[in-house]
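Letter by letter, the chains look like this.
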Amino acid sequence: MMSGTASGGRMSGNAAWPLPGVVTLADIGALGPAISENTGQSIAIQPLSGRPGFLAKIYRQPRPAQDGDRLDALIAAPETLSAADRAIVRAASSWPVARITRAGNAVVGCVIPAAPERFKTEVTVGGVSAAQHVEVDWLAKPDEDLRQVGIAAPGPAGRVAVCRNLAELAEVLEKLGLVYSDWSYSNAFWSPVDHSVFVIDIDGCQLGKMPNVHQPSWADPLTPAGGDADRYTDRFRVALLVSRCLTAKRRADAIGGIATGTWPEQPAAPDVLLDMLLAADRERRPSIGQLRLALAGGPYFRPAPRTPWLPAPGVSDAVLRAARGEGPAVAETAGALASGTASAPRKVPLKPFGTANQPSRKSVVDLSKPLPTLEPVAPAPAATPTRGARSRLRSLALSVFVTVLTIVAVTLAVSLFNALFER
Amino acid sequence: MMSVSTEPALDLGLTCLPTYLVIDASSSMGPHQGVLNATLERVYQTLRRSPRVSEFAHICLIAFSTDPHLVIPMSEVSQVPVMPEIVCAGATEYGKVFELLRQCIENDVTTLRAGGWDVLRPAVFFLTDGAPTDRNWKARFDALVDPRWPRRPHVISYGFGGADPAVLKQVYTKLAFLADGSDSEAALSEALSSMLNTLINSAENNQLTLVAQTTGFQTIALDREYMD
């Protein structure tokens with residue numbers, strides 16, 4: 001859970017924010033020309049002229065002091081994380097580093113890190129090239145469409161890498177109990193070079209729940225519009241975003257693409273995604289941590305009995321039934337069903353570890369419980385070169401000694417035999 | 001009394017806003033032709049670089065003078081390889097363009113719906129720099145925005161140059177902007193920028209969200225009305 005208070009010294013990529021966690025517009029100095037105006041909750045986003053790498057995000061309307069408490073806790077939250085998780089939020093998000101306030105403690109904005117340059121790429125349209133941030137929006141398009149505008153196509157492996165990085169950041173939010181709600185195409189950049197991601201608008205996150213903004217093509221069927229979005233809403237939307245980016249499909253056919261697609265290196269990912277998208281009980285949607293694990297090639301331990309699914313638009317019952325039984329190996333079955341050569345889905349046991357025919361000897365991990373901290377294992381003493389040489393020398397000397405002794409003994413025996421024989 | 005249960009349903013249909021960009025290409029626009037084409041190219045570039053805006057705001061470009069011309073039929077911008085240049089000439093006939101608009105809307109909404117889109121009430125951005133040279137245009141405009149026609153569009157008008165305020169007042173339904181006449185080229189660029197901001201905001205909200213720059217970037221979200 002999130003706790004803590006805002007203070008200075010937070011990092012943004014390689015640059016540290018040198019001022020306190022609460023500043024005024026006067027404190028942050030001159031602002032450069034707006035890089036974005038009138039979008040989302042902000043009236044403008046402007047670079048800090050004297051502090052490269054940081055932006056001032058000015059809200060449309062000043063917010064009450066209570067919202068400042070939320071923002072302060074958010075700003076301080078990374079300090080409560082493990083070093084690994086902290087590194088993720090610093091590298092992969094515009095996590096706010098300071099609240100901008102004015103007289104009366106009203107919140108007028110926040111300071112956020114700028115997206116690093118690697119998230120910009122030359123995009124060519126109609127012969128005109130210009131560098132622009134590449135939103136994950138582009139990943140929900142086929143590779144060919146990206147090539148047409150000069151964006152390096154990620155291919156299946158690149159898409160998985162982007163989605164895994166996205167899930168890593170979302171998992172940290174989930175660990176902190178934060179709800180993001182607005183997972184969509186426009187709130188994350190990705191790098192066509194190294195497939196890293198950068199999630200923006202983190203400053204809007206709230207603890208536990210927040211108003212659910214209705215977005216027609218992102219609507220969670222089990223979270224009422226006008227109600228609150230919570231962790232389960234986030235699970236649905238992250239799964240939808242990941243499904244669209246993995247399949248390069250923007251409509252409901254993304255679900256069909258997940259059901260019938262194969263990801264040999266991530267065999268559990270389709271099952272996790274389908275359960276996140278279609279679970280009839282929203283509280284049985286697998287966690288984002290589970291998704292991250294599956295995208296990293298890890299296992300999925302589905303709760304039993306299997307989560308009932310909602311009907312999926314655009315996906316035939318036959319394909320879904322096959323997906324239920326086959327999980328990631330459904331493609332062949334779906335094809336066979338289409339051609340009428342299959343009778344019933346073939347059950348394939350989940351093989352989270354090891355190879356297809358070699359059951360793992362590893363113990364099963366209960367992912368619903370925190371994993372124990374790994375204790376460092378004392379290294380086994382390695383044989384030193386000196387000790388090896390001595391040992392070999394000793395063996396050699398012994399062998400020589402035994403050989404000489406044998407020769408002497410044989411010589412003596414022969415001499416004795418000859419002497420006796422001559423007599 | 002029988003109760004009706006409503007099962008939760010996964011609805012991931014995509015919404016689109018049929019957007020009609022209607023440009024006055026009469027001879028009086030000749031002096032501003034360069035700015036007009038440059039600004040249209042900027043609109044195209046911006047839309048084309050954002051897949052979600054391009055997908056949401058399907059575009060139809062109609063240029064009109066003595067006759068209306070369908071320059072770009074209703075398309076997703078990503079399917080438009082290049083923005084054509086407009087060479088201005090002719091008179092300023094409003095009536096025919098309003099009639100063509102009504103025909104296009106009727107056909108386009110049907111086509112988009114058949115393609116699986118959830119279609120919002122169309123938006124017409126009408127840019128003109130002068131008074132109409134035909135007489136009976138008003139009846140055709142009234143037919144275009146007739147409340148009894150379910151597919152009637154929202155009309156947002158921009159008047160610059162010699163546009164007659166009395167005329168402009170009659171050719172909008174939601175917003176009308178009138179430049180002060182001091183700098184027609186700047187006003188033209190501003191008008192298209194305003195339209196662009198409207199489309200970007202609308203894509204963000206999945207509904208027509210007007211940007212009224214005259215009131216300091218105030219945005220006005222209209223009801224989300226889907227077309228049958």
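If you're wondering where the values come from, they're calculated on a predicted model, not measured in any experiment.

**Remarks on the overall build of chain A**
- A count of helical and extended segments in chain A gives 12 helices and 16 strands.
- Partitioning the contacts of chain A with sequence separation of at least 6, the portion at a separation of at least 24 is 63%.

**Description of the overall build of chain B**
- In terms of helices and strands, chain B carries six helices and nine strands.
- Look at the contacts in chain B between residues 6 or more apart in sequence, and 71% of them connect residues 24 or more apart.

**Here's the deal with the nonpolar core**
- Core analysis: the biggest nonpolar cluster contains 102 residues, and V111(A), V197(A), V242(A) and L291(A) have the highest contact counts within it.
- Two domains share this core, each providing at least three of its residues, namely domain 1 (1-114) and domain 2 (120-315) of chain A.
- With near-sequence residues (within four places) excluded, V197(A) lies in contact with A92(A), V162(A), N165(A), L166(A), L169(A), A188(A), F189(A) and W190(A).
- By size, the runner-up hydrophobic cluster in this structure holds 65 residues, among which are C60(B), A63(B), V119(B) and V171(B).

**Remarks on the environment of M195(B)**
- Mapped onto the elements, M195(B) comes out in helix α6 (residues 184-205).
- On the neighbour-count criterion, M195(B) (23 C-beta atoms within 10 Å) is buried.

**Topic: the interface of chain A and chain B**
- Taken residue by residue, the interface counts 25 residues in chain A and 23 residues in chain B.
- Counting residues per element, the ones that place at least two in the side of chain A that touches chain B are β4 (36-39), β9 (120-125) and β10 (128-133) of chain A.
- Residues that form the side of chain A that touches chain B fall into these classes: 14 nonpolar, seven polar and four charged.

**A look at helix α5 (residues 155-175) of chain A**
Residues and elements named next belong to chain A.
- An ideal rise of 1.5 Å per residue puts 30 Å on 21 residues; α5 measures up with 30 Å between its terminal C-alpha atoms.
- With respect to burial, α5 is a largely interior element, 15 of its 21 residues being buried.
- Backbone geometry just after α5 places G177 at a positive phi near 75°.

**A few points about the domain arrangement of chain A**
Residue and element names in this part refer to chain A.
- Segmenting chain A into domains produces domain 1 (1-114) and domain 2 (120-315).
- Placing the centre of domain 1 and that of domain 2 at their C-alpha centroids yields a distance of 26 Å.
- Taken together, the contact pairs 20 residues of domain 1 with 20 residues of domain 2.
- The set of elements that each furnish at least two residues to the side of domain 1 that touches domain 2 consists of α2 (65-76), α3 (83-92) and β8 (107-113).
- Looking at the side of domain 1 that touches domain 2, the element that brings in the most residues is α3, giving four residues.
- In the side of domain 1 that touches domain 2, the residues fall into 13 nonpolar, four polar and three charged.

**A short note on the confidence of the model for chain B**
Residues and elements named next belong to chain B.
- Per-residue confidence for chain B gives a mean pLDDT of 84; residues scoring 70 or more make up 89%.
- The model gives residues 1-5 a pLDDT under 50, and that stretch makes zero contacts with residues more than four places away or in other chains.
- The low-confidence segment residues 214-219 (pLDDT under 50) makes eight contacts with residues lying over four places distant or belonging to another chain.
- Here the predicted complex carries an ipTM of 0.75, next to a pTM of 0.76.

**Section: the environment of R292(A)**
- Position of R292(A) relative to the elements: it lies in helix α9 (residues 288-295).
- Through-space distance from the C-alpha of R292(A) to that of G32(A) is 38 Å; in sequence the pair is 260 residues apart.

**Quick look at the sheet that holds strand β7 (residues 98-101) of chain A**
Residues and elements named next belong to chain A.
- The six strands are arranged β3-β7-β8-β6-β5-β4 in an open sheet whose pairing can be described as mixed. Every interior strand has two partners, whereas the edge strands, β3 (22-24) and β4, have only one. Across the sheet, the mean angle from the axis of one strand to that of its neighbour is 25°, orientation sign disregarded.
- Relative to β8, β7 runs antiparallel, the two sharing four bridges. Bridge pairing in β8 links I100 to G109.
- Strands in contact with α2 are β6 (54-63), β7 and β8; relative to β7, the strand with the most contacts, it is inclined by about 155°.

**Considering the pairing of strand β1 (residues 15-24) of chain B**
Residue and element names in this part refer to chain B.
- Of all 10 residues in β1, nine are buried, a share of seventy percent or more.
- In this structure, β1 lies alongside strand β2 (residues 57-64), joined through eight bridges in parallel fashion. Its bridge partner being in β2, V22 is matched across the sheet by I62.
- Taken together, the five bridges between β1 and strand β5 (residues 123-128) define a ladder with parallel strand orientation. The residue of β5 that forms the bridge with L21 is F125.

**So, α2(A)**
Residues and elements named next belong to chain A.
- The end-to-end C-alpha separation of α2 is 17 Å, in line with the 16 Å expected for 12 residues at 1.5 Å each.
- For α2, the complete set of buried residues consists of L71, D72, L74 and I75. All buried residues of α2 lie within an arc of 160° about the axis, which places them on one face of the element.
- Tucked inside the fold, the buried residues of α2 contact β7 and β8.

**Structural notes on the packing of α3(A) against α5(A)**
All names here are of chain A.
- The interhelical angle for the contact between α3 and α5, taken along N-to-C directions, is 120°, at an axis separation of 10 Å. Here α3 lies oblique to α5, going by the angle between them. Crossing hand, α3 versus α5: left-handed. For the pair formed by α3 and α5, the contact residues are D85, I88, V89 and A92 on the first element and N165, E168, L169, V172 and K175 on the second.
- Residue composition of the contact of α3 with α5, grouped by class: five nonpolar, one polar and three charged.

**Quick word on the confidence of the model for chain A**
Residue and element names in this part refer to chain A.
- Scored by pLDDT, chain A has a mean of 79; 72% of the residues are at 70 or more.
- Of all helices and strands in chain A, the one with the weakest mean pLDDT is helix α11 (residues 330-339) (37), whereas strand β13 (residues 197-199) scores best (98).
- The low-confidence segment residues 4-8 (pLDDT under 50) makes 21 contacts with residues lying over four places distant or belonging to another chain.
- Contacts for the low-pLDDT stretch residues 326-389, under 50 throughout, to residues beyond four places or in other chains number 48 contacts.

**Describing the pairing of β4(A)**
Residue and element names in this part refer to chain A.
- Sheet analysis places β4 next to strand β5 (residues 42-47), joined by three bridges and oriented antiparallel. Paired with E37 across the bridge in β5 is A44.
- What sits between the antiparallel neighbours β4 and β5 is a turn of two residues, in which G40 has the positive phi angle 55°.

**A look at the environment of L222(A)**
- As for its placement among the helices and strands, L222(A) is situated in the loop between β15 (210-211) and β16 (228-229).
- When the C-alpha positions of L222(A) and A279(A) are compared, they lie 9.4 Å apart, and in sequence the two are 57 residues distant.

**A look at unusual backbone geometry**
Residue and element names in this part refer to chain A.
- The residue S181 is not glycine, and still its phi comes out positive at about 70°.
- Structurally, the position occupied by S181 is in the loop between β11 (178-179) and β12 (188-190).
- Under the C-beta neighbour-count criterion, S181 is labelled buried, with 25 such atoms within 10 Å.

Cut-offs applied
- Position numbers for residues start from 1 in each chain and track the written sequence from start to end.
- Each chain is given a letter, starting from A, and each ligand a number, starting from 1, according to the order in which they appear as written.
- Owing to the predicted nature of the model, reporting of local features is limited to residues with pLDDT of at least 70; listing and counting of side-chain atom pairs is limited to 80 or more, with chain, interface and lining totals taken over all residues.
- By the criteria applied, helices consist of DSSP H or I runs no shorter than four residues and strands consist of E runs no shorter than two, each listed in order from the N terminus.
- A pair of residues counts as a contact when their C-beta atoms, built from backbone coordinates, are within 7 Å of each other.
- Throughout this description, the term nonpolar core refers to a group of buried Ala, Val, Leu, Ile, Met, Phe, Trp, Tyr and Cys residues whose C-beta atoms join them within 7 Å.
- Labels follow a simple rule on C-beta atoms placed from the backbone: if 20 or more others lie within 10 Å of a residue's own, it is buried; if 12 or fewer, it is exposed; otherwise it is partly exposed.
- What counts as a domain boundary in this text is fixed by an automatic or database domain assignment.
- Classification convention: Asp, Glu, Lys, Arg as charged; Ala, Val, Leu, Ile, Met, Phe, Trp, Tyr, Cys, Pro as nonpolar; all other residues, Gly among them, as polar.
- To estimate the expected span of a helix, subtract one from its residue number and multiply by 1.5 Å.
- Confidence of the predictor at the level of single residues is captured by pLDDT, which takes values from 0 to 100.
- At least two DSSP bridges between two strands are required for those strands to pair.
- Here an axis means a line fitted to C-alpha atoms, over the contact stretch when the element is a helix, while the angle between two N-to-C directions is reported on a 0 to 180 degree scale.
- When we speak of the arc, we mean the arc of directions from the helix axis to the C-beta atoms.
- In what follows, roughly perpendicular refers to angles from 65 to 115 degrees, roughly parallel to angles under 35, roughly antiparallel to angles over 145, and oblique to any angle outside these ranges.
- Each crossing gets its handedness from the near helix: less than a right angle anticlockwise from the far helix is left-handed, clockwise is right-handed.

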